[in-house]
2 protein chains.
Amino acid sequence: MLFISLSACKQEPAKDTESGKEITQVNESSDPLPSWNDGPNKEAIINYVKDVTTDGSANFIPIADRIATFDNDGTLWSEQPAYFQLFFAMDRIKSLSADHPEWKNKQPYKAVLENDMNALMQQGEKGLMEIVMVSHSGVTTDEFDTIVKDWIATAKHPTKNVPYTDLIFKPMLELVKYLQANDFKVFIVSGGGLSFMRAWAEGVYGIPKNQTVGSSNKTEFDYNNGNPVIRILPQLEFMDDKEGKPVAINKFIGRKPVFAAGNSDGDLQMLQYAASNSYKNFELYVHHTDSIREWAYDRESHIGKLDKGLDEASQKGWTVVNMKEDWNKVYNSDK
Amino acid sequence: MLFISLSACKQEPAKDTESGKEITQVNESSDPLPSWNDGPNKEAIINYVKDVTTDGSANFIPIADRIATFDNDGTLWSEQPAYFQLFFAMDRIKSLSADHPEWKNKQPYKAVLENDMNALMQQGEKGLMEIVMVSHSGVTTDEFDTIVKDWIATAKHPTKNVPYTDLIFKPMLELVKYLQANDFKVFIVSGGGLSFMRAWAEGVYGIPKNQTVGSSNKTEFDYNNGNPVIRILPQLEFMDDKEGKPVAINKFIGRKPVFAAGNSDGDLQMLQYAASNSYKNFELYVHHTDSIREWAYDRESHIGKLDKGLDEASQKGWTVVNMKEDWNKVYNSDK
């Protein structure tokens, strides 16, 4: 109940979810970030939040301006061996393949149906985009929401063999709840699909659908004889990555963040944008250093470039989280 | 303080504003809608809100699904003798004209500089769009915000000779606050400009910037040597009108409204979309019938078509507000 009442006073509540149980623990413990090891990074986060939320502090930030933006893939949950949304797209292609016998011998579909990731990657940006477009369109938004909900409830990660939502970072979830409990309005700003994330993110993270920003397909309104629907078209409308992130933040939020968290070059412009806030601001960069519990990848990754972001984070003194050293638990499912 | 504490428990608070004082009255009075005359329309609103927010009611709606969407022009404030944003655009053209001597003899600018509304209307959609684009671009989002704030604080309505924010409908503001006080998340969904509205709507209506949806220009991120800005380009990105409204609602909100209010054919698809909600829903259509206190216009108006919306509202039994009969006060400034 603490979660419910708290949420009602922070944001739209997400009831009866893992995250719901989560925040009860977070807020009842004296330590808001129990999965974070003591050290300069944990200290920096807590000192920042106390500084900007304490009445009378020289750095006090009014509630309306307490905007926090979090990348999703690699920041709130894992992104290896590929973006989880790609596995959704592949599973969707497989379920659609019954109506497309021609896909057996046609790339990029052939690679998907044969589970050949190397062949799929060889199809390049164009091939991957075709898979994503075909798997994310041709249905109404309500139908797509159901398809994603069913997938997230049943699909298993290819190597860890657990539900994808078990691969959410417990320390980051604690951070989201800690910020919400201190009247920050927390947004997801991800290169991932808007409709894909909204199907499960609210329940898992406790972040309302209207505070989840992502890439989107074009859609159209269909009056549908008095039963109106929104149809998803197979055309990319907006890519919420790199320069697109500050652009989307301006469009969906209308305020510059004071707190931003990311883990790749795709997040760099969002972090730069937050770093230019006239209010005291906080930039957090998740560095994947744990080859045992998660994955270790530094400056290069097939998940996308990481070098510029990591370099600038180090140069500018942003908080670079060393997953191996800073986190005593990695996953939401860790006991 | 009631407003502050209430808002902290509903939505991002807008402090020290007219609306701030407003809600204190609303919530301290036993009548949440004092500017509404007793009658079937006021009764329908209050009965609906009580029905869907009472625990155990067969029509109870969970807080997360209590989404209300309001059109702005003609629904939350007046729109005569032209959309107020057009007057902003004209004033902006005048202030820019010093650097454009050629505008004196070039339409549509000539009509604006000569305050010739008839000549301006004769320039048609294309001419009006040129005025809007030139007056709403070429600056950063921060610069534009300041320009609009200065204008809304100083500009006067051409015939009523009062600030435009004095022409906000007091009964509708009471309705917004009443819904917010009952855990509805209230959004503006307007054909008006996103950045234009966000510069003042939050303070006036108590509706957060990230819950204000509107038409938008394309923008671009400029790193600007370490001082990042978002630049507004002279290209229309999205027109939030007619079929665009449900499309924008899906994109910005991610949920179908249970309560929708409008006043023209531009709002019809939004009302149809809300009317298709499986939750008990409420559609409100503002009919401009008061030629003395506001303006009276029925099925035809240079402000835009009104016939389809009004007909469908009547056919489907939506709540058609008769401004002259239903409202004992019209404007926020009425004593």
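Residues numbered from 1 in each chain as written. Chains lettered and ligands numbered in written order. Predicted model: local features only at pLDDT ≥ 70, side-chain atom pairs only at ≥ 80, totals over all residues. Heavy atoms only, no water.

Named according to an unreviewed UniProt entry, chain A is phosphoserine phosphatase originating from Flavobacterium alkalisoli. In its Pathway (unreviewed entry) section, the UniProt record describing chain A reads: "Amino-acid biosynthesis; L-serine biosynthesis; L-serine from 3-phospho-D-glycerate: step 3/3." Here is the UniProt Cofactor (unreviewed entry) comment for chain A, exactly as written: "Mg(2+)". (UniProt positions renumbered as here; feature names shortened; annotations may be inferred.)

(A) Quick peek at the packing of helix 3 (residues 40–53) of chain A against helix 9 (residues 170–181) of chain A. Residue and element names in this part refer to chain A. Packing of helix 3 against helix 9 brings their axes to within 11 Å, and their N-to-C directions diverge by 15 degrees. Classified by the interaxial angle, the pair formed by helix 3 and helix 9 is roughly parallel. Both helix 3 and helix 9 take part in a crossing whose hand is right-handed. Of helix 9, the residues touching helix 3 (which contributes I45, I46, V49 and K50) are L175, Y178 and L179. Within the contact of helix 3 with helix 9, the residues separate by chemical class into six nonpolar, no polar and one charged. (Axes fitted to C-alpha atoms, helices over the stretch in contact; angles between N-to-C directions. Helix = DSSP H or I, 4+ residues; strand = E, 2+ residues; numbered from the N terminus. Parallel < 35°, antiparallel > 145°, perpendicular 65-115°, else oblique. Left-handed = near helix turned anticlockwise from the far one by under 90°. Contact = heavy atoms within 4.5 Å. Nonpolar A, V, L, I, M, F, W, Y, C, P; charged D, E, K, R; others polar.)

(B) Structural context of unusual backbone geometry. Residue and element names in this part refer to chain A. Cis geometry is adopted by the peptide bond preceding P108, which originates at Q107 and carries an omega value of 5 degrees. The residue P108 is located in the loop between helix 4 (84–96) and helix 5 (109–113) in this model. The phi dihedral of N115 is positive, around 55 degrees, even though this residue is not glycine. One can find N115 in the loop between helix 5 and helix 6 (117–122). Given a relative accessible area of 51%, N115 falls into the exposed group. (Buried < 20%, exposed > 50% of the residue type's maximum accessible area, 1.4 Å probe, protein only.)

(C) Fine view of the side chain of S78(A). Residues and elements named next belong to chain A. Checked against the element boundaries, S78 lands in the loop between strand 1 (67–70) and helix 4. A residue is classified by how much of its surface remains accessible, and S78, at 0% relative accessible area, is buried. A distance of 2.8 Å separates polar atoms of two side chains, one belonging to S78 and the other to E294. A polar atom in the side chain of S78 sits 2.7 Å from the side chain of Y331. Among residues more than four places away in sequence, those in contact with S78 are F84, L167, F169, E294, W295 and Y331. (Polar contact = N/O pair within 3.5 Å; in protein donor to acceptor, adjacent residues only side chain to side chain.)

(D) The sheet that holds strand 2 (residues 185–193) of chain A, seen in detail. Residue and element names in this part refer to chain A. Pairing within the open sheet is mixed, and its seven strands lie in the order 4-3-2-1-5-6-7. Edge positions in the sheet fall to strand 4 (229–238) and strand 7 (319–322), since each of these pairs with one other strand and no more. Averaged over all adjacent pairs, the angle separating strand axes in this sheet is 30 degrees, with direction ignored. One ladder, built from three bridges, connects strand 1 with strand 5 (residues 259–262); its direction is parallel. (Pairing = 2+ DSSP bridges.)

(E) Highlighting the domain arrangement of chain A. Residue and element names in this part refer to chain A. What the domain assignment lists for chain A is domain 1 (40–52 + 64–84 + 142–326) and domain 2 (85–137). One C-alpha centre belongs to domain 1, the other to domain 2; they are set 25 Å apart. Each partner contributes to the interface: domain 1 provides 21 residues, whereas domain 2 provides twelve residues. Here domain 1 packs against domain 2, burying approximately 1400 Å² in sum over the two surfaces, 71% of which is carbon and sulfur. Linking domain 1 with domain 2 are zero salt bridges. On inspection of domain 1 and its partner domain 2, the count reaches seven residue pairs in polar contact (both at pLDDT 80 or more). At the level of secondary structure, the elements contributing two or more residues to the side of domain 1 that touches domain 2 comprise helix 8 (141–154), strand 2 and strand 4. (Domains from an automatic or database assignment. Buried area = accessible area lost by both parts, 1.4 Å probe. Salt bridge = Lys/Arg side-chain N within 4 Å of Asp/Glu carboxyl O.)

(F) Representation of helix 4 (residues 84–96) of chain B. Residue and element names in this part refer to chain B. The terminal C-alpha atoms of helix 4, which comprises 13 residues, lie 19 Å apart, in line with the 18 Å expected from a rise of 1.5 Å per residue. Within helix 4, ten of the 13 residues are buried, leaving the element largely enclosed by the surrounding structure. Among the residues of helix 4, those classed as buried are F84, Q85, L86, F87, F88, A89, M90, R92, I93 and L96. Those residues of helix 4 hidden inside the fold are in contact with helix 5 (109–113), helix 6 (117–122), helix 7 (124–135), helix 8 (141–154), strand 2 (185–193) and helix 10 (194–198). (Expected span 1.5 Å × (residues − 1).)

(G) Up close: the nonpolar core. Core analysis: the biggest nonpolar cluster contains 117 residues, and F70(A), M172(A), L175(A), W200(A), Y205(A), F259(A) and L284(A) have the highest contact counts within it. At eight residues, the largest contribution of residues to this core is made by helix 4 of chain A. Residues W36(B), Y178(B), V186(B) and V204(B) belong to the second largest nonpolar core, which totals 68 residues. (Core = buried A, V, L, I, M, F, W, Y, C linked by side-chain atoms within 4.5 Å.)

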